[in-house]
Amino acid sequence: LDYVAPRRGSVDGGSTLRMSGSQMPNTEALSCRVGTISHITARWISDTSSSCHVPAHAEGLVPVGLQSHAADWEMWDVDFQYAAPLNITAVYPARGAVSGGTRVTIEGQSFPTTGRATCRFGTAPVLALEHTATQIVCASPSQRAGMINVEVSVNRQDFTLSSMQFQYVAPPST
């Protein structure tokens with residue numbers, strides 16, 4: 001096993017963990033181990049890739065393993081970070097132009113200070129311009145006029161369960 005993605009997820013679980021390596025066996029007995037939780041059903045994708053859904057777990061860094069037989073665990077120096085769920089508390093400004101480009105600050109809790117943060121305006125993801133432990137700043141993408149939900153993610157997969165509204169406004173007719 002060479003790599004897992006994402007490298008971080010919520011203590012609530014649910015992230016799809018994709019594992020990359022070599023000579024991954026195509027067997028119905030394939031399962032994952034995340035921390036001390038074993039026998040998690042894994043899905044073989046190819047000789048170099050498999051996946052599984054991570055379960056809920058206490059906060060912290062845990063090793064990841066893959067099992068292809070009843071008792072043979074293979075553990076690697078690859079870890080997954082369980083962290084508190086992200087929580088959005090404010091979005092400002094609360095409105096912007098339909099053409100996009102509005103610099104939007106999203107305030108919240110449990111934002112990591114490392115890694116790539118992503119904002120999602122409705123269904124449109126955009127990479128963060130900057131982020132701290134309590135703020136993520138993104139440029140709004142273009143959208144049609146109306147209200148949409150704004151969410152954030154730090155692994156490009158698991159977005160906040162809490163969201164705030166952002167209003168897209170059309171330019172005034174002249």
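Details of the structure are given in the entry above.
The model shown is predicted, which means the values in this text are computed figures rather than measured ones.

Trainee: Lay out the overall build of the chain with the relevant residues and their values.
Mentor: Helix and strand content of the chain: 0 helices and 17 strands. Overall, the chain is about 70 × 30 × 20 Å in size when its C-alpha atoms are taken along their principal axes. When the 174 residues of the chain are sorted by exposure, 40% land in the buried category. Once local pairs closer than 6 in sequence are excluded, the contacts in the chain between residues at least 24 apart make up 56%. Between the centroid of the 11 positive side chains of the chain and the centroid of its 13 negative side chains there is a distance of 12 Å.

Trainee: Describe the state of the cysteines, and please don't skip the residues or the numbers.
Mentor: Structurally, a disulfide amounts to a covalent bond that connects the sulfur atoms of two cysteines. Taken as a whole and judged by the stated rule, the model has 2 disulfides. There is a disulfide in this structure between Cys 32 and Cys 52, and the S-S distance comes to 2.4 Å. Across the S-S bond linking Cys 32 and Cys 52, the dihedral sits near -115°, which makes this disulfide left-handed. Taken as a pair, Cys 32 in strand β4 (residues 31–34) and Cys 52 in strand β6 (residues 49–53) lie far apart in primary sequence, 20 residues in all. Accessibility assignment for this pair places Cys 32 and Cys 52 in one class, buried. The side chain of Cys 119 participates in a disulfide bridge whose partner is Cys 138; the two sulfur atoms lie 2.0 Å from each other. Across the S-S bond linking Cys 119 and Cys 138, the dihedral sits near 75°, which makes this disulfide right-handed. Residue Cys 119 is found in strand β12 (residues 118–121), and its partner Cys 138 is found in strand β15 (residues 135–139); the two are separated by 19 residues along the sequence. Each member of the pair, Cys 119 together with Cys 138, is buried.

Trainee: Residues and numbers for the environment of Ile 37, please.
Mentor: Mapped onto the secondary structure, Ile 37 falls in strand β5 (residues 37–46). Under the relative-accessibility criterion, Ile 37 is labelled partly exposed at 27%. Residues Ile 37 and Thr 113, spaced 76 residues apart in sequence, show a C-alpha to C-alpha distance of 28 Å. Dropping the residues within four chain positions of it, Ile 37 is found in contact with Cys 32, Pro 55, Ala 56 and His 57.

Trainee: Let's hear about the sheet that holds strand β9 (residues 87–92): which residues, and what values?
Mentor: With antiparallel pairing, the 4 strands of this open sheet are ordered in space as β9-β11-β15-β14. Looking at which strands have only one partner, the edges of the open sheet turn out to be β9 and β14 (130–131). Of the strand pairs in this sheet, β9 and strand β11 (residues 103–109) are connected by 5 bridges, and their pairing is antiparallel. Among the inter-strand pairings, Ile 88 is bridged to a residue of β11, identified as Gly 108.

Definitions and limits used
- Residues numbered from 1 in each chain as written.
- Predicted model: local features only at pLDDT ≥ 70, side-chain atom pairs only at ≥ 80, totals over all residues.
- Heavy atoms only, no water.
- Helix = DSSP H or I, 4+ residues; strand = E, 2+ residues; numbered from the N terminus.
- Buried < 20%, exposed > 50% of the residue type's maximum accessible area, 1.4 Å probe, protein only.
- Contact = heavy atoms within 4.5 Å.
- Lys, Arg positive; Asp, Glu negative; His and termini not counted.
- Charge placed at Lys NZ, Arg CZ, Asp CG, Glu CD.
- Disulfide = S-S within 2.5 Å.
- Pairing = 2+ DSSP bridges.

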